[in-house]
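# Structural overview
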Amino acid sequence: MGKEIEKAAIARKHNVVLKFDEHNLNEFTPANLKKADVAIEFTTPASAVTNILKCFEASVPVVCGTTGWLSQYEEVKKICLEKKQTFFYGSNYSIGVNLFFNLNEYLAKLMHTYNSYIPSIEEAHHIHKKDAPSGTAITLAEGLIKNHGGVKKWALKEKAASGDLPITSIREGEVPGTHIVRYTSGCDEIEITHKAFSRQGFAEGAVVAAEWVKGKQGVFSMKDLLNAEK
Ligand SMILES: NC(=O)c1ccc[n+]([C@@H]2O[C@H](COP(=O)([O-])OP(=O)(O)OC[C@H]3O[C@@H](n4cnc5c(N)ncnc54)[C@H](O)[C@@H]3O)[C@@H](O)[C@H]2O)c1
């Protein structure tokens, strides 16, 4: 993602003033960070929170796309607000996926009285992905649970109890990201699918979020960005 984001930033006429990965962390200092208007963080579940907090320390707005660390989201949000910093989080920066999130919520509302249709989610990603289920699948699950009412919590399919919303995670080849929300009855099935063709849409969305969040203070998401663009 770092390489895709660099391409997208340059295409949108930005200068990439710093690049960090696990091999040059000694350069990840407040003084170096301050050279940037906004930091974009796509790393690993284990390193995201430390990186975000370092950006807060340097007072640099941070756009984060790393998934798999969300159990600490509320803590990060609290620190951001206390320190009057800027934090933008998106489990998925693709515009198409964010439209899909809205469609998912609409469909969940539509289906909530039809309890013969059992909801489930399936996601497929490349074999290098470290977390499961995907952050996008979790956002879909949360949107479905909030608007459907028939399921109280999600669980990975192999651990799901009766009444849970099961999420099947498939890891194969170099799949950029496919998500399916499905309602199955004894007679038929309703399914909505989002399929990413490449990682370009995620990278462009993250750069657009960075442009949008510059100069703002607080905690933001793709909902804020898309509502602001209406
Ligand atoms: N939100 C979205 O739209 C979206 C889209 C695609 C991927 N992702 C997420 O972004 C993250 C990165 O995905 P990827 O495919 O680029 O993974 P990747 O494994 O290809 O890259 C991770 C990078 O993080 C670097 N890294 C590791 N530890 C670090 C540290 N302590 N500090 C700084 N850098 C460190 C590694 O050197 C590597 O370059 C994953 O969590 C993935 O799920 C989100």
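Each chain carries its own residue numbering, running from 1 in the direction its sequence is written. Local features in this predicted model are restricted to residues whose pLDDT is 70 or higher, and side-chain atom pairs enter the listing and the counts only when it is 80 or higher, whereas totals over whole chains, interfaces and linings include all residues. The side-chain numbers reported here are obtained from all heavy atoms of the structure, hydrogens and water having been left aside.

## So, the sheet that holds strand β3 (residues 86–89)
One open sheet holds the 4 strands; their spatial order is β1-β2-β3-β9, and the pairing between them is parallel. Either end of the sheet is taken by a strand with one partner, and the two such strands are β1 (39–41) and β9 (218–220). This sheet shows a mean twist of 15° between the axes of neighbouring strands, independent of strand direction. The pairing of β3 with β9 spans 3 bridges and is parallel. Opposite Phe-88, over in β9, you have Phe-220 as the bridge partner. Packing against the sheet, helix α3 (residues 48–57) makes contact with β1, β2 (62–64) and β3, and its axis sits at approximately 165° to β2. Two strands are counted as paired when DSSP detects at least two bridges linking them. The helix count covers DSSP runs of H or I at least four residues long, the strand count covers runs of E at least two residues long, and both are numbered beginning at the N terminus. Note on geometry: axes are C-alpha line fits, over the in-contact stretch for helices, and angles between N-to-C directions span 0 to 180 degrees. By definition in these notes, contact holds between two residues if any of their heavy atoms fall within 4.5 Å.

## Overview of the site of the ligand
Summary of the distance rule: residues count as near a molecule or strand when at least one heavy atom falls within 4 Å of that molecule or strand. Taken together, 21 residues surround the ligand, and among them Met-1, Gly-65, Thr-67, Tyr-93 and Lys-129 come closest. In this structure, an oxygen atom belonging to the ligand sits 3.1 Å away from a side-chain N or O atom of Glu-22. Counting of polar contacts relies on pairs of N or O atoms within 3.5 Å, with two restrictions inside protein: one atom must be capable of donating a hydrogen and the other of accepting it, and residues adjacent in sequence are counted only when both atoms are side-chain atoms. At a separation of 3.1 Å, a nitrogen atom of the ligand approaches a polar backbone atom of Gly-65. Only the protein chains shown count as cover for residues, and the accessible areas themselves come from Shrake-Rupley with a 1.4 Å probe. The protein chains hide 78% of the 870 Å² of surface that the ligand would expose on its own. Grouping the constituent residues of the shell around the ligand by class yields 5 nonpolar, 10 polar and 6 charged. Gly is put with the polar residues, along with every residue not named as nonpolar or charged; the nonpolar set is Ala, Val, Leu, Ile, Met, Phe, Trp, Tyr, Cys and Pro, and the charged set is Asp, Glu, Lys and Arg.

## A few points about the pairing of strand β7 (residues 178–184)
For a regular strand, side-chain orientation follows a simple rule: the groups alternate between the two sheet faces. Across the 7 residues of β7, 6 count as buried, placing the element largely inside the fold. Summarising the sheet, β7 and strand β8 (residues 189–195) pair through 7 bridges and their orientation is antiparallel. Its bridge partner being in β8, Arg-182 is matched across the sheet by Glu-191. Taking the residues that link successive antiparallel strands as the turn, the β7-β8 hairpin has 4 residues. Partly exposed describes any residue whose relative accessible area lies between the buried limit of under 20% and the exposed limit of over 50%, with all areas from a 1.4 Å probe on protein chains only and scaled to the type maximum.

## What about the nonpolar core?
By convention a nonpolar core is built from buried Ala, Val, Leu, Ile, Met, Phe, Trp, Tyr and Cys residues, the set being connected through side-chain atoms within 4.5 Å. Judged by nonpolar contacts, the single largest core of 19 residues is most densely connected at Ile-121, Leu-140, Leu-144, Leu-165, Val-181 and Tyr-183. Ranked by residues supplied to this core, first place goes to helix α5 (residues 95–111) with 6 residues. Discounting residues that sit within four places of it in the chain, Leu-144 has contacts with Asn-104, Ala-108, Pro-119, Gly-149, Val-151, Leu-165, Val-181 and Tyr-183. One finds Phe-28, Ile-52, Val-62 and Phe-87 within the second-largest nonpolar core, a separate group that totals 18 residues.

## Some thoughts on the packing of aromatic side chains
Ring geometry is summarised as follows: Phe, Tyr and Trp rings, the Trp one being its six-membered ring, pair when their centres sit within 6.5 Å, and such pairs are stacked at plane angles under 30 degrees, edge-to-face over 60 and tilted between the two. Under the criterion given, the structure shown has 12 aromatic pairs. On the numbers, 6.4 Å between centres and 25° between planes, the contact of Phe-87 with Tyr-89 is stacked. No difference in accessibility class separates Phe-87 from Tyr-89, as the two residues are buried. Among the aromatic residues, those joined into a ring-pair cluster are Phe-42, Phe-88, Tyr-93, Trp-212 and Phe-220. For the cation-ring pair, Lys-216 lies above Trp-212, with the distance from its terminal atom to the ring centre recorded as 4.2 Å. Note on geometry: a ring has a charge over it if NZ (lysine) or CZ (arginine) is within 6 Å of the ring centre and within 35 degrees of the ring normal.

## Looking at a nonpolar patch on the surface
A contiguous nonpolar patch, built from Leu-103, Tyr-106 and Leu-110 and spanning about 320 Å² of accessible area, is present on the exposed surface. Note that Tyr-106 resides in helix α5. Here the term patch refers to residues with relative accessible area over 30% and no salt bridge, with like charges joined within 9 Å and nonpolar side chains (Val, Leu, Ile, Met, Phe, Trp, Tyr) within 5 Å. Only one rule defines a salt bridge in this text: a Lys or Arg side-chain nitrogen within 4 Å of an Asp or Glu carboxyl oxygen.

## Observations concerning unusual backbone geometry
In this structure, Pro-133 follows Ala-132 across a cis peptide bond, with omega equal to 0°. Along the chain, Pro-133 turns up in the loop between β4 (118–125) and α6 (135–148). Within the chain, Lys-13 stands out as a residue other than glycine whose phi angle is a positive 70°. Inspection of the secondary structure assignment puts Lys-13 in the loop between α1 (2–11) and α2 (30–33).

## Focus: the domain arrangement of the protein chain
The domain boundaries here were taken from an automatic or database domain assignment. The domains assigned to the protein chain are domain 1 (2–93 + 200–228) and domain 2 (95–195). Across the contact, 11 residues belong to domain 1 and 13 residues belong to domain 2. Summed over both sides, the interface of domain 1 with domain 2 buries roughly 970 Å², with 56% coming from carbon and sulfur. Counting every contact that joins domain 1 to domain 2 gives 1 salt bridge. With a shortest N-O distance of 3.4 Å, Glu-105 and Lys-223 are connected by a salt bridge. At the surface where domain 1 touches domain 2, the tally comes to 9 residue pairs in polar contact (both at pLDDT 80 or more). The element best represented in the side of domain 1 that touches domain 2 is helix α8 (residues 222–228), accounting for 3 residues. Of the residues assigned to the side of domain 1 that touches domain 2, the class counts are 5 nonpolar, 5 polar and 1 charged. When two parts are brought into contact, each loses some accessible area as probed by a 1.4 Å sphere; the total of that loss over both is the buried area.

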